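What follows is each chain in one-letter form.
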Amino acid sequence: MSEAKKAKAVKGISKALFWLVQWTWGLPVNLIGGLMYLVFYPKCRHGRFNNAFITYVPWKFGGLSLGQFIFMADHGREPWTSNTRIHEYGHTIQCLLLGPLYWFVIGVPSAVWCHLFNGYRGRHNKSYYDLYCESWANKWGEKWSGLKRKNDD
Ligand SMILES: [Zn+2]
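Here the structure is a predicted model, which is why all the values come from computation and not from measurement.

Here we look at the overall build of the chain
Line of reasoning, step 1. Helix and strand counts for the chain stand at 6 helices and 4 strands.
Line of reasoning, step 2. Order of helices (α) and strands (β) in the chain, N terminus to C terminus: α-α-β-β-β-β-α-α-α-α.
Line of reasoning, step 3. Its C-alpha radius of gyration of 16 Å places the chain within 12% of the 15 Å reference for a compact globule of 153 residues.
Line of reasoning, step 4. Once the C-alpha set of the chain is aligned to its principal axes, its extents read approximately 60 × 30 × 30 Å.
Line of reasoning, step 5. Burial statistics for the chain: of 153 residues in total, 27% are counted as buried.

Topic: helix H3 (residues 80–98)
Line of reasoning, step 1. In this model H3 runs 27 Å from its N-terminal to its C-terminal C-alpha over 19 residues, within 8% of the 27 Å that 1.5 Å per residue would give.
Line of reasoning, step 2. Downstream of H3 by a residue or two, Gly 99 has a phi angle that is positive, lying close to 55°.

Topic: the pairing of strand S1 (residues 45–49)
Line of reasoning, step 1. S1 sits mainly on the outside: 0 of its 5 residues count as buried.
Line of reasoning, step 2. As paired elements, S1 and strand S2 (residues 52–57) share 5 bridges and run antiparallel to each other. Note on S2: the bridge partner recorded for Phe 49 is Ala 52.
Line of reasoning, step 3. Hairpin connection, S1 to S2: the antiparallel pair is bridged by 2 residues, and Asn 50 has positive phi, about 50°.

Quick look at the sheet that holds strand S3 (residues 63–66)
Two strands in a sheet stick together by hydrogen bonds in their backbones, pointing the same way (parallel) or opposite ways (antiparallel).
Line of reasoning, step 1. Spatial ordering of the open sheet is given by S1-S2-S4-S3, a layout of 4 strands whose pairing is mixed. Both edges of this open sheet fall to S1 and S3, since each of them pairs with a single strand only. The average undirected angle you get between the axes of adjacent strands in this sheet is 20°.
Line of reasoning, step 2. In this sheet, strand S4 (residues 69–73) lies alongside S3 in antiparallel orientation, the contact comprising 4 bridges. Among the inter-strand pairings, Ser 65 is bridged to a residue of S4, identified as Ile 70.

A few points about the nonpolar core
Proteins that are soluble and globular tend to have nonpolar side chains buried together.
Line of reasoning, step 1. Ranked by size, the top nonpolar core spans 19 residues in total, and within it Phe 69, Ile 70 and Phe 71 carry the most contacts.
Line of reasoning, step 2. Those elements that provide at least two residues to this core are helix H2 (27–40), S2, S3, S4, H3, helix H4 (102–116) and helix H6 (132–145).
Line of reasoning, step 3. Among the elements that make up this core, the one with the highest residue count is H3 (5 residues).
Line of reasoning, step 4. Residues contacting Ile 70, with those up to four places away along its chain left out, are Phe 49, Ala 52, Ile 54, Gly 63, Ser 65, Glu 88 and Thr 92.

Remarks on unusual backbone geometry
Line of reasoning, step 1. Cis peptide bonds are those with omega within 30 degrees of zero, and the linkage from Glu 78 to Pro 79 qualifies with 5°.
Line of reasoning, step 2. Looking at the element boundaries, Pro 79 is found in the loop between S4 and H3.
Line of reasoning, step 3. Phi at Asn 50 is positive, roughly 50°, even though this residue is not glycine.
Line of reasoning, step 4. Within the element layout of this structure, Asn 50 appears in the loop between S1 and S2.
Line of reasoning, step 5. One non-glycine residue with positive phi stands out, namely Asn 125, at about 55°.
Line of reasoning, step 6. When you line up the elements, Asn 125 lands in the loop between helix H5 (118–123) and H6.

Focus: the environment of Gly 99
Line of reasoning, step 1. Its location among the elements puts Gly 99 in the loop between H3 and H4.
Line of reasoning, step 2. For the pair Gly 99 and Gly 141, spaced 42 residues apart in sequence, the C-alpha separation works out to 17 Å.
Line of reasoning, step 3. Gly 99 has contacts with Trp 25 and Gly 26, leaving out every residue within four places of it along the chain.

Some thoughts on the pairing of S3
Line of reasoning, step 1. On S3, burial covers both faces: Gly 63 and Ser 65 on one face and Leu 64 and Leu 66 on the other are all buried.
Line of reasoning, step 2. Following S3, the chain reverses through 2 residues before pairing antiparallel with S4; Gly 67 in that reversal takes a positive phi of roughly 65°.

Definitions and cut-offs
Residues numbered from 1 in each chain as written. Predicted model: local features only at pLDDT ≥ 70, side-chain atom pairs only at ≥ 80, totals over all residues. Helix = DSSP H or I, 4+ residues; strand = E, 2+ residues; numbered from the N terminus. Rg over C-alpha atoms; globule rule 2.2 N^0.38 Å. Buried ≥ 20, exposed ≤ 12 C-beta atoms within 10 Å, placed from the backbone. Expected span 1.5 Å × (residues − 1). Pairing = 2+ DSSP bridges. Axes fitted to C-alpha atoms, helices over the stretch in contact; angles between N-to-C directions. Core = buried A, V, L, I, M, F, W, Y, C linked by C-beta atoms within 7 Å. Contact = placed C-beta atoms within 7 Å.

Below, the structure is given as structure tokens:
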């Protein structure tokens, strides 16, 4: 087998594994994500990012990752949009590892940190990405997408 063919075959296996794990171990997260995807499907712009399906929603919020399904704001501002895609894809990969534990290890802490700790972050000069699950998502997003997040000040 040539090197190029081999790389393609390996890629095919990892893609199949990705789907298999998302829809078994990660099923409780992907079911909710898939339902949301169907609800928003007719109204929103869509895109693919590696193995994830992105729905661009007309909300002001940042992003939400539920297994293979990523929901994020559609204001088209760069580098915010590409940074957020990479970050949310990191959460997609976390779901492969954590499966149903995703809700407790990532979902709840992330939502609480996002909504209730805005003032705290301001007072203590903390970044949103200082929370373990958020810096972890950046790291894994970059690793698995092969892309780097850009400075966004
Ligand atoms: Zn996050």
